[in-house]
Amino acid sequence: MVSYDVNTQDKAGVRRLRQISKACLNLGQRVQLSVFEIELEPAQWVALKARLISIMDPATDSLRFYYLGKRWQSKVEHAGANAALDLHAPLIL
């Protein structure tokens, strides 16, 4: 799981926010405005983490990485609107 807080008081911050959001959205699903559930192989995880860190401004932005491990589904509960998709369910188009 990845969460972030990007200072958007200037155009550069807005751009960083968009880039971080897009990088996370390409590999996972948004569960809150700045929180993504992402399931990756270890090498992919290292690459994503490096990419996000290279985008952020460490003086004003914050990234948090949560490692949920095996059986994470039993550790996540949801209440309210916009329930998360089951990434392991069949995809019907």
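Analysis parameters
- Residues numbered from 1 in each chain as written.
- Predicted model: local features only at pLDDT ≥ 70, side-chain atom pairs only at ≥ 80, totals over all residues.
- Heavy atoms only, no water.
- Salt bridge = Lys/Arg side-chain N within 4 Å of Asp/Glu carboxyl O.
- Helix = DSSP H or I, 4+ residues; strand = E, 2+ residues; numbered from the N terminus.
- Buried < 20%, exposed > 50% of the residue type's maximum accessible area, 1.4 Å probe, protein only.
- UniProt positions renumbered as here; feature names shortened; annotations may be inferred.
- Pairing = 2+ DSSP bridges.
- Axes fitted to C-alpha atoms, helices over the stretch in contact; angles between N-to-C directions.
- Contact = heavy atoms within 4.5 Å.
- Polar contact = N/O pair within 3.5 Å; in protein donor to acceptor, adjacent residues only side chain to side chain.
- Expected span 1.5 Å × (residues − 1).
- Arc of directions from axis to C-beta.

**Remarks on the pattern of salt bridges**
Thinking step 1. One pass over the structure, following the stated rule, counts one salt bridge.
Thinking step 2. D61 is paired through a salt bridge with R16; the nearest N and O atoms lie 2.6 Å apart. Pair noted here: D61 is in the loop between α2 (42-55) and β4 (62-65) and R16 is in helix α1 (residues 11-25), with a separation of 45 residues, a long-range link. Side by side, D61 and R16 carry an identical accessibility label, which is buried.

**Points about the UniProt feature "binding site: Mg(2+)" (unreviewed entry) in the protein chain**
Thinking step 1. When the UniProt feature table is mapped to this numbering, "binding site: Mg(2+)" (unreviewed entry) covers D10.
Thinking step 2. Its place among the elements puts D10 in the loop between β1 (2-5) and α1.
Thinking step 3. The class for D10 is partly exposed, based on a relative accessible area of 44%.

**What about the sheet that holds strand β2 (residues 28-32)?**
Consider a sheet: its strands pair through backbone hydrogen bonds, and that pairing is either parallel or antiparallel.
Thinking step 1. On the basis of which strands lie adjacent, the open sheet formed by four strands has the order β2-β3-β1-β4 and antiparallel pairing. Because the sheet does not close on itself, it has two edges, and the strands there are β2 and β4. Put simply, the sheet's adjacent strands are angled 25° from each other on average, direction ignored.
Thinking step 2. As judged from the four bridges shared by β1 and β4, these two strands associate in the antiparallel manner. Directly across from V2, in β4, lies its bridge partner F65.
Thinking step 3. Sitting on the sheet, α2 touches β1, β3 (35-38) and β4, and the angle it makes with β4 is about 165°.

**Comments concerning the side chain of D61**
Thinking step 1. Here D61 falls in the buried class, since its relative accessible area comes to 7%.
Thinking step 2. Polar side-chain contacts of D61 include one of 2.6 Å to the side chain of R16.
Thinking step 3. Sequence-distant contacts of D61, that is, excluding residues within four places in its chain, are made with D5, V6, N7, R16 and M56.

**Some remarks on α1**
Thinking step 1. Spanning 15 residues, α1 covers 21 Å between terminal C-alpha atoms, matching the ideal 21 Å at 1.5 Å per step.
Thinking step 2. Turning to α1, its buried residues are G13, R16, I20, S21, A23 and C24. An end-on view of α1 places all buried positions within 160° of arc, on one side of the element. Exposed residues on α1 whose side chains face more than 90 degrees from its buried face are K11, R18 and K22.

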